[in-house]
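Tertiary structure, described
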Amino acid sequence: MAKLLYSVTMSLDGFIAGPDGDMSWLTPFLGPNPTAEALVPEIGAMLVGNRTFGGDDPNKGTDKEGAMSGAWTGPVFVLTHNPPAQPVPDVTFGSDLHEAVAAARKAAGDRYVNVLGAEVARQALAAGLLDEILVFVAPVLLGDGTRLYDLPGGAQVTLTRLRSAESPLANALWFTVH
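Parameters at a glance
Residues numbered from 1 in each chain as written. Predicted model: local features only at pLDDT ≥ 70, side-chain atom pairs only at ≥ 80, totals over all residues. Heavy atoms only, no water. Helix = DSSP H or I, 4+ residues; strand = E, 2+ residues; numbered from the N terminus. Rg over C-alpha atoms; globule rule 2.2 N^0.38 Å. Buried < 20%, exposed > 50% of the residue type's maximum accessible area, 1.4 Å probe, protein only. Contact = heavy atoms within 4.5 Å. Lys, Arg positive; Asp, Glu negative; His and termini not counted. Charge placed at Lys NZ, Arg CZ, Asp CG, Glu CD. Phe/Tyr/Trp six-rings, centres within 6.5 Å; stacked < 30°, edge-to-face > 60°. Polar contact = N/O pair within 3.5 Å; in protein donor to acceptor, adjacent residues only side chain to side chain. Expected span 1.5 Å × (residues − 1). Arc of directions from axis to C-beta. Core = buried A, V, L, I, M, F, W, Y, C linked by side-chain atoms within 4.5 Å.

Scanning the chain for helices and strands turns up 4 helices and 10 strands. Overall, the chain shows an N-to-C arrangement of helices and strands of β-β-α-β-α-β-β-α-β-α-β-β-β-β. For the chain, the C-alpha radius of gyration of 15 Å lies close to 16 Å, the compact-globule estimate for 178 residues. Looking at the chain residue by residue over its 178 residues, the buried ones come to 40%. The contacts of the chain with a sequence gap of at least 6 include a subset with a gap of at least 24, amounting to 76%. Side-chain charges of the chain comprise 11 positive and 19 negative groups, with the mean position of each set lying 6 Å from the other.

Okay, structure coming up:
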């Protein structure tokens, strides 16, 4: 069965997006990264939050626009209460986390369901559905924006490091969720 992996690039001070979802900060840190490149063929489906789906793409207007800098294509499942009026090719919209996860796992087969979006990752973690977290830490301090994980008053989550890798643009830390 497919595992749920939350993969994300984060600033050193813990933000995955700048104020108002701004992703332009990420552009200088996208580029050759062996860990990210090796992950692409291991992804069978994406589970994405609505803000992430409709949000800012740091590669917009370039040949690297899209998921994983344009290197990944496949089924996308967007968790939202407000689906668009017009269908989007290869995208399924749903409002129930468990149903979306089940559909994404089925579509992914034995590969990963890659989770994009802090809120969807938080919900999956709270529901006990998130298996692994891969964080690419970029050498920058943003000071404000969307945190990697934000749950005021929430419980501590224990992780075990699976592996790590250095890259000139963003170091990778890969964990199992307990």
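Having seen the structure, we can now continue with the description.
This brings us to the packing of aromatic side chains. Overall, the coordinates contain 3 aromatic pairs when judged by the stated rule. Ring centres of Tyr112 and Trp174 lie 6.2 Å apart, and the angle between their planes is 45°; this geometry places the pair in the tilted category. A residue pair is termed long-range when its members are at least 10 positions apart, and Tyr112 in strand β6 (residues 112-116) and Trp174 in strand β10 (residues 171-177) qualify at 62 residues. We note that Tyr112, like Trp174, is buried.

Examined against the element boundaries, Arg105 turns out to sit in helix α3 (residues 97-108). At 3.0 Å, the side chain of Arg105 and the backbone oxygen of Ala2 are in polar contact. Sequence-distant contacts of Arg105, defined by excluding residues within four places in its chain, comprise Met1, Ala2, Leu4, Val113, Leu129 and Asp131.

This part covers the side chain of Ser7. As for its placement among the helices and strands, Ser7 is situated in strand β1 (residues 4-11). Exposure remark for Ser7: the relative accessible area of 7% places this residue in the buried category. A polar contact of 2.7 Å, which involves the side chain of Ser7, links it to the side chain of Asn114. Among all residues touching Ser7, those that are not within four sequence positions of it are Leu39, Asn114, Val115, Leu116 and Leu134.

Counted at 1.5 Å a residue, the expected span for α3 with its 12 residues is 16 Å, and the 16 Å between its end C-alpha atoms agrees. Looking at the buried positions of α3, the neighbouring elements they touch are β1, β3 (43-49), β4 (76-79), β6 and α4 (118-126). For α3, the capping residue at the N-terminal end is Asp96, with a side-chain oxygen 3.1 Å from the backbone nitrogen of His98. A positive backbone phi angle near 65° is found at Gly109, which sits one or two residues after α3.

Turning to α4, its buried residues number three or more, namely Ala118, Val120, Ala121, Ala124 and Leu125. The arc that holds the buried residues of α4, viewed along the axis, is 165°, so those residues lie on one side. Downstream of α4 by one or two residues, Gly128 has phi in the positive range, about 75°.

Moving on, we get to the nonpolar core. In this structure, Leu4, Tyr6, Leu47, Val115 and Leu130 are the most contacted members of the largest nonpolar core, which totals 29 residues. Looking at this core, the elements with two or more residues in it are β1, β3, β4, α3, β6, α4 and β7 (132-138). Ignoring any residue separated from it by four or fewer positions in sequence, one finds Leu130 in contact with Leu4, Leu5, Tyr6, Val115, Ala121, Ala124, Leu125 and Val177. Ala36, Leu39, Val91 and Leu134 belong to the second-largest nonpolar core, a separate cluster that totals 17 residues.

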